[in-house]
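So the chains spell out like this:
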Amino acid sequence: MSLRKQKNSFCLYPGLTTNITENHPRCLIVTMIQLTATPASALVDEPVHIHATGLSPFQVVILQASLADENGNLFHSQAYYKANEAGEVDLQQAPSLGGDYIGVHPMGLFWSLKPEKFLMKLVKRDVMNSPFLVQIKLYDSNLELTDIATTAPKVSLTLERWYVAPGVKRIQVREGHLRGALFLPPGEGCFPGIIDLFGGIGGLIEYRASLLASRGFASLALAYFNYEDLPAQPEKTELDYFEEAVNFLLRHPKVLGPGIGIVSISKGAEIGLSMAIHLKQVTATVLINGPNFILRIPQVYHGQISKPLAFSPQSLFINALGLAEFQHSFEEARCEASETSLLPIEKAQGHFLFIVGEDDKNLNSKVYAERATQQLSRYRKNNWTLLSYPGAGHLLEPPYSPLCCASKISSLYLSIHWGGETTPHAAAQEHSWKEIQKFLRKHLVPVVTSQL
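Predicted, not measured: the structure shown is a model, and the values here were computed from it.

Trainee: Would you mind going over the sheet that holds strand β26 (residues 351-357) in detail, with residue names and values included?
Mentor: The mixed open sheet is built from eight strands, whose spatial order is β15-β16-β18-β17-β20-β21-β26-β27. Of all strands in the sheet, those bounded by a partner on one side alone are β15 (169-173) and β27 (384-389). Direction aside, neighbouring strands of the sheet carry axes that sit 15° apart on average.

Trainee: A description of helix α4 (residues 267-278) should follow, citing residues and the corresponding values.
Mentor: Under the 1.5 Å per step criterion, the end-to-end length of α4 is 17 Å for twelve residues, consistent within 8% with the ideal 16 Å. With eleven of its twelve residues buried, α4 lies for the most part within the structure. Of all the residues in α4, the buried ones are K267, G268, A269, E270, I271, G272, L273, S274, M275, A276 and I277.

Trainee: Account for the sheet that holds strand β7 (residues 49-53), with residues named and values stated.
Mentor: Strand order in the open sheet formed by three strands is β5-β7-β10, and the pairing between neighbours is antiparallel. With partners counted over all chains shown, the strands left at the sheet margins are β5 (34-38) and β10 (89-90), one partner each. Sheet topology places β7 next to β10; two bridges connect them, and they run antiparallel. Across the sheet, the residue bridging to H51 is D90, located in β10.

Trainee: Give me the lowdown on the pairing of strand β21 (residues 282-288), citing residues and values where you can.
Mentor: Counting buried positions over the seven residues of β21 gives six, a clear majority of the element. Pairing between strand β20 (residues 255-265) and β21: six bridges, direction parallel. The residue bridging I262 from the neighbouring strand is T285, located in β21. Once you follow β20 into α4 and on to β21, the crossover reads as right-handed.

Trainee: Mind laying out the nonpolar core, listing which residues take part and the relevant values?
Mentor: Among the nonpolar cores identified, the biggest contains 117 residues, and L109, F110, I136, I195, M275 and L440 are the most heavily contacted of them. If sequence neighbours within four positions are ignored, M275 has contacts with I195, L197, F242, V246, I262 and V282.

Trainee: With reference to specific residues and values, describe the side chain of E270.
Mentor: Assignment of secondary structure puts E270 in helix α4. The residues touching E270, leaving out its near neighbours within four places in the chain, are P291, F293, I294, L295, Q299 and L343.

Trainee: Please provide a residue-by-residue account of the packing of aromatic side chains, values included.
Mentor: With the rule as written, the count across this model stands at twelve aromatic pairs. Measuring from centroid to centroid gives 6.0 Å for Y163 and Y207, while their planes differ by 70°, and the two rings are edge-to-face. A residue pair is termed long-range when its members are at least 10 positions apart, and Y163 in the loop between β14 (155-162) and β15 and Y207 in helix α2 (residues 207-214) qualify at 44 residues. This pair shows no difference in class: Y163 is buried, exactly as Y207 is. The interplanar angle of 85° and the centroid separation of 5.2 Å between the aromatic rings of Y241 and F242 together place this pair among those described as edge-to-face. Accessibility expressed as a relative area gives 10% for Y241, which makes it buried. Look at F242 and you get buried, because its relative accessible area is 2%. The ring of F132 has K124 sitting right over it, with the charged end atom 5.4 Å from the ring centre. When the ring centre of F198 is taken as origin, the NZ or CZ atom of R208, which lies over that ring, is 4.1 Å away.

Trainee: I'd like a rundown of the packing of helix α3 (residues 239-251) against α4, residues and numbers included.
Mentor: Following both chains from N to C, one finds α3 and α4 inclined at 70°, their axes separated by 10 Å at the closest point. Relative to α4, the element α3 is oriented roughly perpendicular. Side by side, α3 and α4 meet where L239, F242 and V246 of the first sit next to I271, S274, M275 and H278 of the second. Of the residues that constitute the contact of α3 with α4, the class distribution is five nonpolar, two polar and no charged.

Trainee: Tell me about helix α6 (residues 365-378), and please be specific about residues and values.
Mentor: Each α-helix winds once per 3.6 residues, and so residues spaced three or four apart point in a common direction. In a regular helix each residue adds 1.5 Å, so 14 residues correspond to 20 Å; α6 covers 20 Å between its end C-alpha atoms and thus fits that length. Of all the residues in α6, the buried ones are S365, Y368, A369, A372, T373, Q375 and L376. Here the buried residues of α6 occupy an arc of 155° about the axis, which is enough to place them on one side. Phi for R380, located one or two positions after α6, is positive at around 60°.

Trainee: Pulling in residues and values, what's your account of the environment of I297?
Mentor: Of note, I297 is situated in the loop between β21 and β22 (299-301). Note on I297: relative accessible area 18%, which makes it buried. Taking the C-alpha atoms as reference points, I297 and A310, separated by 13 residues in sequence, lie 9.6 Å from one another. When residues no more than four places from it in sequence are discounted, the contact partners of I297 are P234, E235, K236, T237, K267 and P308.

Trainee: Describe in detail the side chain of H394, supporting the description with residues and values.
Mentor: With respect to the helices and strands, H394 occurs in the loop between β27 and β28 (406-409). At a separation of 2.7 Å, a polar atom in the side chain of H394 contacts the side chain of D360. Discounting chain neighbours no more than four positions away, the residues touching H394 are I265, S266, N289, D360, N362, L363, W418 and G419.

Trainee: Explain unusual backbone geometry to me, and be specific about the residues and the numbers.
Mentor: Cis peptide bonds are those with omega within 30 degrees of zero, and the linkage from T38 to P39 qualifies with -5°. Phi is positive for Y400, close to 70°, though the residue is something other than glycine. Mapped onto the elements of the fold, Y400 is located in the loop between β27 and β28.

Trainee: Describe the state of the cysteines, and please don't skip the residues or the numbers.
Mentor: Evaluated as defined, the whole model comprises zero disulfides. Cysteine C404 is unpaired, with the sulfur of C405 as its nearest cysteine sulfur at 6.5 Å. According to the relative accessible area criterion, C405 is partly exposed, its value standing at 33%.

Analysis parameters
- Residues numbered from 1 in each chain as written.
- Predicted model: local features only at pLDDT ≥ 70, side-chain atom pairs only at ≥ 80, totals over all residues.
- Heavy atoms only, no water.
- Pairing = 2+ DSSP bridges.
- Helix = DSSP H or I, 4+ residues; strand = E, 2+ residues; numbered from the N terminus.
- Axes fitted to C-alpha atoms, helices over the stretch in contact; angles between N-to-C directions.
- Expected span 1.5 Å × (residues − 1).
- Buried < 20%, exposed > 50% of the residue type's maximum accessible area, 1.4 Å probe, protein only.
- Right-handed = clockwise from strand over helix to strand, strands pointing away.
- Core = buried A, V, L, I, M, F, W, Y, C linked by side-chain atoms within 4.5 Å.
- Contact = heavy atoms within 4.5 Å.
- Phe/Tyr/Trp six-rings, centres within 6.5 Å; stacked < 30°, edge-to-face > 60°.
- Lys NZ or Arg CZ within 6 Å of the ring centre and 35° of its normal.
- Parallel < 35°, antiparallel > 145°, perpendicular 65-115°, else oblique.
- Nonpolar A, V, L, I, M, F, W, Y, C, P; charged D, E, K, R; others polar.
- Arc of directions from axis to C-beta.
- Polar contact = N/O pair within 3.5 Å; in protein donor to acceptor, adjacent residues only side chain to side chain.
- Disulfide = S-S within 2.5 Å.

Right, dumping it as structure tokens:
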């Protein structure tokens, strides 16, 4: 067996280091490099404690994370860490010296994952049957980055990141016009009900609803176009469809009434806002980076048509990377429009949580949320909270999800710049996820007061 000398240590095989002590040159101290992660299997919104031991004092190493999505697309991240005097790297305490992020970020390897293919977004489709498998590997820092792919790590491990907790049930919904998936938490009793709405990507997206069910909410992931027999490119938004979804959810014996909540983003937030205005059963609405007006196609409710705000194509910006930014594409029409062109949010009886990424390149969502709250204040309503996050982009996801700053939208034949800076975007996701759950529980779960 050949030995490769590194200062005062020898590498016998990956994970095993033999040190020669200065006082006793013939005394060999054998240390095994170990890499642990706790918990090894967890929900994706749960933090993981990563800890390396058995390193040389003050040794610099590379930690790398990688995963393959359900279509085999690869995502990876890496950071440099320096061991302490005991030869340990604890990501809860040790700062990254460089790589994809800098500073103390225990979950940085997860939220800094980047796709190998540009414009690829990490999306979990099958939430029930399989987790994402994340490999964590440790390398010597003196290794050339180009050699990492062909070099065995000193030590590695694999983590399971699930989008559904044990015991959560998924029920396919094909009732009447409705198409979606209902997720029910484990256990007896009734649970606060949520309708989960995404935006222009279309189809049925389940991962946020399954996570909310894992946190105790009866969550309906609702498709409204480009799924099964729903229109691929609808010419109007039928609010009667969403009213049907509200009534369906409230009829379910496992759903706690009398009100339900909405969690919505982008185009979905436009619909969520309209639902809150027209449907008294909606008592708590989360609006993530959405408009306070109707986008692109008209809304219809009980035969009454509401027109969209005009799109200004001359305001569409294509940046140096060829990515479309729609941030100011409605500004001209919005400035010229009267207040009657805005959604009458003051008519809503429930409560609102506005969540804004200030670096949103797709919608001028900070301005839209501020105008909506001003509108409420003019009517002396204080039924709202606004969370605004500098450096966060449009696609705010559950915690530790990697930032998707740009991706393709097939229906628009464009690549869209969503915005966001990696580290502040990650912080916004972690904070807003907790606030969303607090807000929903506050307004959907009745407070039981004891009588003396």
